[in-house]
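Structural features, examined
Each chain, written out:
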Amino acid sequence: MNKDFSIRQFDPLVENPVPIFNLFERVYGDASTIRKRWNWEILSHPDCRNIRIFIAEHHGNLIGMTVRMPYTLVVNEVSQAVFFASNSMVDPDYRGHGVIGKLYDVAAAKTGAMQFSKGTAAAMQAVLRKKGYREVLPSNYQVCILSPLRWMIGKIAKRSVFQPVLVSQCLDNKGYSQIQRFPDYYEEFAKNALSKIGGGLLKTAGYMNWRYFRNPHRNYLVFLRNNAEKVSSMLVLRVEGTTAYIVDMLWDPAVPDEPAGTLGFARSTAKKLGACKLVAWGSLHGFRDACRRNFFITRKESPSFSWFPNQSGTSLDCMSSVHIVHGDGDIDYL
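First, a word on scope: everything that follows refers to the structure included in this document. (Residues numbered from 1 in each chain as written. Predicted model: local features only at pLDDT ≥ 70, side-chain atom pairs only at ≥ 80, totals over all residues. Heavy atoms only, no water.)

Before going further, it helps to examine the pattern of salt bridges. Under the defined criterion, the tally for this structure stands at 13 salt bridges. Put simply, K196 and D252 hold a salt bridge, and the shortest N to O gap is 3.1 Å. Taken as a pair, K196 in helix α6 (residues 186-197) and D252 in the loop between β12 (243-251) and α8 (260-272) lie far apart in primary sequence, 56 residues in all. Residue classification places K196 among the partly exposed positions, given a relative accessible area of 46%. For D252, a relative accessible area of 14% corresponds to the buried category. A salt bridge links D248 to K203, with the shortest nitrogen-to-oxygen separation between them at 3.1 Å. Of the two residues, D248 is situated in strand β12 and K203 in the loop between β9 (199-202) and α7 (205-213); the sequence distance between them amounts to 45 residues. Accessibility assignment for this pair places D248 and K203 in one class, buried. The network of salt bridges with shared partners includes R8, E15 and E57. (Salt bridge = Lys/Arg side-chain N within 4 Å of Asp/Glu carboxyl O. Helix = DSSP H or I, 4+ residues; strand = E, 2+ residues; numbered from the N terminus. Buried < 20%, exposed > 50% of the residue type's maximum accessible area, 1.4 Å probe, protein only.)

Here it is in structure tokens:
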């Protein structure tokens with residue numbers, strides 16, 4: 001192959017996405033998922049105009065791409081734009097020629113912001129390390145076996161032998177309620193919680209509603225805990241078969257039993273819904289420590305979360321002081 005490929009930014013609001021769908025087809029053998037979620041994932045994103053899609057072309061043919069999803073990172077009450085890498089791929093016929101590396105270089109240069117990446121294959125992890133990406137440590141998932149006996153029986157039977165209850169039957173008298181939409185006042189809670197925790201990703205109510213209630217390929221259970229007429233915690237769960245995931249979680253550390261209280265609620269709720277295993281991943285030391293106190297054990301598996309500083313050199317001295325949660329298995333979003 002002649003290596004004279006070019007990199008440019010793709011405009012999803014103007015350009016036809018069919019070449020991107022065709023690239024998915026060549027890489028994964030099927031483009032049905034990206035076709036189904038394109039409108040939601042890109043065009044309906046609440047911050048659509050700040051999504052950055054970079055493509056590599058060779059003689060006019062699309063041979064690679066990477067997407068940068070926009071977020072706001074707050075550290076010690078100072079906000080900065082960051083971008084999360086998703087949908088990075090190269091046509092199988094063009095691999096080994098530096099396409100993905102160049103795409104990542106251009107994305108970092110053009111956005112000028114801190115970059116986040118996770119879920120990458122081992123070969124890609126090696127590329128990112130050479131480029132200066134730093135892995136978030138500790139990096140392993142934490143897992144809680146909710147019912148060892150049912151877990152063992154399920155492993156043998158290859159299915160759950162437990163009849164789950166309704167979500168409404170999982171709620172207790174500690175103020176937890178299931179919601180179908182994030183209220184506007186959620187944003188004030190999120191800002192206050194992150195300021196007390198020290199840092200994390202600030203997500204608007206609009207983003208949360210888009211992410212968890214309008215997602216066409218995932219179903220989530222979302223709970224708010226109210227304490228003295230104020231939100232004290234937020235929890236997003238996904239249950240798939242006998243496994244449950246803590247997809248998102250935020251809490252007010254001024255509430256005496258948080259975050260342990262919401263982790264305990266997550267455990268009991270997942271168990272009542274038929275899950276035998278609860279999976280969590282978080283960067284914050286306090287969150288991981290609370291998981292350990294709630295009988296989570298550390299596994300070998302890791303989402304391979306890493307980050308790259310912005311052009312001004314701004315970096316995070318210790319990622320364990322920043323609150324980022326991922327336990328969904330859906331690697332495209334934080």
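Next, the rest of the story.
With respect to the helices, strands and loops of the structure, N215 is situated in the loop between α7 and β10 (221-227). We classify N215 as buried; its relative accessible area is 8%. At 2.8 Å, the side chain of N215 and the side chain of H217 are in polar contact. Of the polar contacts made by the side chain of N215, one reaches the backbone nitrogen of R218; its length is 3.3 Å. (Polar contact = N/O pair within 3.5 Å; in protein donor to acceptor, adjacent residues only side chain to side chain.)

Evaluation of the coordinates by the stated rule reveals 16 aromatic pairs. Between W40 and W210, the ring centres sit 4.5 Å apart and the planes meet at 15 degrees, which makes this aromatic pair stacked. Linking W40 in helix α2 (residues 32-43) with W210 in helix α7, this pair joins segments that are 170 residues apart in sequence. Judged on exposure class, the residue W40 and its partner W210 are both buried. Where Y207 meets W210, the ring centres are 5.4 Å apart and the plane angle is 50 degrees; that geometry is what we call tilted. In this pair, Y207 and W210 are both assigned in helix α7, 3 residues apart and thus about one turn of the helix distant. A connected cluster of aromatic rings, assembled from ring pairs, spans W40, Y71, Y207 and W210. (Phe/Tyr/Trp six-rings, centres within 6.5 Å; stacked < 30°, edge-to-face > 60°.)

The buried count for β12 comes to 9 of 9 residues, which makes it a mostly enclosed element. Here 8 bridges tie strand β11 (residues 230-240) to β12, and the two strands are oriented antiparallel to one another. Directly across from V236, in β12, lies its bridge partner D248. The turn linking β11 back onto β12 is made up of 2 residues, and G241 within it adopts a positive phi angle of 65 degrees. In the sheet, β12 pairs with strand β13 (residues 277-280) via 3 bridges, with the strands oriented parallel. Counted as the bridge partner of Y245 is V279 from β13. As for the winding sense of the linkage, the β-α-β connection from β12 through α8 to β13 is right-handed. (Pairing = 2+ DSSP bridges. Right-handed = clockwise from strand over helix to strand, strands pointing away.)

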